[in-house]
Amino acid sequence: VFHGKDLTLSLAVPEPHPLCRLQPAAIYRNIHSALLRVVVESLAGARLAEEADCCAGPACFQSPARDDLLFDGKKIGGGALRRGRNGILYQGSLHGDFLPRRLADSLSARVVPFQPTASLLALSTELEKGKYGTSSWNQMR
């Protein structure tokens, strides 16, 4: 999915966390409500979408879903959830100039910066060159 110069974010929530006991719509609303507390510091009129607008357009930011972040009638933030037996993965995107650390702090009581190991960096380079950087992968539909 092309998102241009957006700030993209991922949130991994381990299974014991109370958020994992909620229904997907409530999880989505909780995450976006936390992000909204930071977004309104820069965009005072930002709010959560009250209902989905499924027919606005084919691109992600043309079609707000319920509880996506809106400003001036336009979608500025949204994401997707994946639940597994080990917890929840949320991946989202925000239009705008927001401080990543402030957003992270809004989502968790404890934020620890990720420091990849040399072996993980080597593996990611290998995957990029051998799979994700190839034309066949990037043109797959």
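Scroll up to find the structure.
Notes on the structure in this doc start here. (Residues numbered from 1 in each chain as written. Predicted model: local features only at pLDDT ≥ 70, side-chain atom pairs only at ≥ 80, totals over all residues. Heavy atoms only, no water.)

1. Topic: the overall build of the protein chain
So, point 1. If you tally the helices and strands in the protein chain, you get 4 helices and 5 strands.
So, point 2. When the helices and strands of the protein chain are placed in sequence order, the string is β-α-β-β-β-β-α-α-α.
So, point 3. With the C-alpha coordinates of the protein chain rotated into their principal frame, the extents come out at 45 × 35 × 30 Å.
So, point 4. Burial analysis of the protein chain (141 residues in total) assigns 28% to the buried set.
So, point 5. For the protein chain, the share of sequence-separated contacts (at least 6 apart) that also reach a separation of at least 24 residues comes to 52%.
So, point 6. As displayed, the protein chain has an accessible area near 10000 Å², and 55% of this comes from carbon and sulfur atoms.
So, point 7. Measuring between centres, the 17 positive side-chain charges of the protein chain sit 6 Å from its 13 negative side-chain charges. (Helix = DSSP H or I, 4+ residues; strand = E, 2+ residues; numbered from the N terminus. Buried < 20%, exposed > 50% of the residue type's maximum accessible area, 1.4 Å probe, protein only. Contact = heavy atoms within 4.5 Å. Areas by Shrake-Rupley, 256 points an atom, 1.4 Å probe, with all protein chains shown as cover. Lys, Arg positive; Asp, Glu negative; His and termini not counted. Charge placed at Lys NZ, Arg CZ, Asp CG, Glu CD.)

2. A short note on the pattern of salt bridges
Opposite charge on two side chains allows them to pair when their charged atoms are near.
So, point 1. Applying the stated criterion to the full structure yields 4 salt bridges.
So, point 2. Notably, a salt bridge pairs aspartate 67 with arginine 29, separated by 3.2 Å at the nearest N-O pair. With aspartate 67 in the loop between strand 2 (47-48) and strand 3 (69-71) and arginine 29 in helix 1 (residues 24-42), the pair connects residues that are 38 residues apart, well separated along the chain.
So, point 3. Taking the relative accessible area as the measure of exposure, aspartate 67 reaches 7% and is therefore buried.
So, point 4. Look at arginine 29 and you get partly exposed, because its relative accessible area is 35%.
So, point 5. Note that glutamate 41 is salt-bridged to arginine 102, the shortest N-O span being 2.2 Å. (Salt bridge = Lys/Arg side-chain N within 4 Å of Asp/Glu carboxyl O.)

3. Quick look at the nonpolar core
Soluble, globular proteins show a tendency: their nonpolar side chains are buried together.
So, point 1. The biggest cluster of nonpolar side chains holds 22 residues, and the ones touching the most others in it are Ile31, Val39, Leu69 and Tyr90.
So, point 2. It is helix 1 that provides the largest number of residues to this core, a total of 7 residues.
So, point 3. Among all residues touching isoleucine 31, those that are not within four sequence positions of it are Leu11, Leu19, Leu81, Tyr90 and Leu107. (Core = buried A, V, L, I, M, F, W, Y, C linked by side-chain atoms within 4.5 Å.)

4. Quick look at the layout of surface pockets
So, point 1. The space that makes up the largest pocket amounts to roughly 480 Å³.
So, point 2. What lines the largest pocket is a set of 22 residues, among which Ser10, Leu11, Ala104, Leu107 and Ser108 lie closest to the centre.
So, point 3. Elements with a minimum of two residues in the lining of the largest pocket: strand 1 (7-14), helix 1 and helix 2 (100-107).
So, point 4. No other element matches strand 1, which puts 8 residues into the lining of the largest pocket.
So, point 5. Looking at side-chain class alone, the lining of the largest pocket contains 15 nonpolar, 6 polar and 1 charged residues. (1 Å grid on protein atoms, 1.4 Å probe; cavity = no way out; pocket = protein on both sides within 12 Å on 5 of 7 lines; lining within 4 Å. Points joined across faces, edges and corners; volume = space filled by probe spheres on them. Nonpolar A, V, L, I, M, F, W, Y, C, P; charged D, E, K, R; others polar.)

5. Description of helix 1
So, point 1. Across its 19 residues, helix 1 extends 28 Å between first and last C-alpha, which sits within 8% of the 27 Å expected from 1.5 Å per residue.
So, point 2. Most pronounced at leucine 36, the bend in helix 1 amounts to some 30 degrees.
So, point 3. For helix 1, the full list of buried residues reads Ala26, Ile27, Tyr28, Ile31, His32, Ala34, Leu35, Leu36, Val38 and Val39.
So, point 4. Residues of helix 1 that are buried sit in contact with strand 1, strand 2, strand 3, strand 4 (74-84), strand 5 (87-94) and helix 2. (Expected span 1.5 Å × (residues − 1). Bend = angle between axes of the 7 residues up to and from the residue.)

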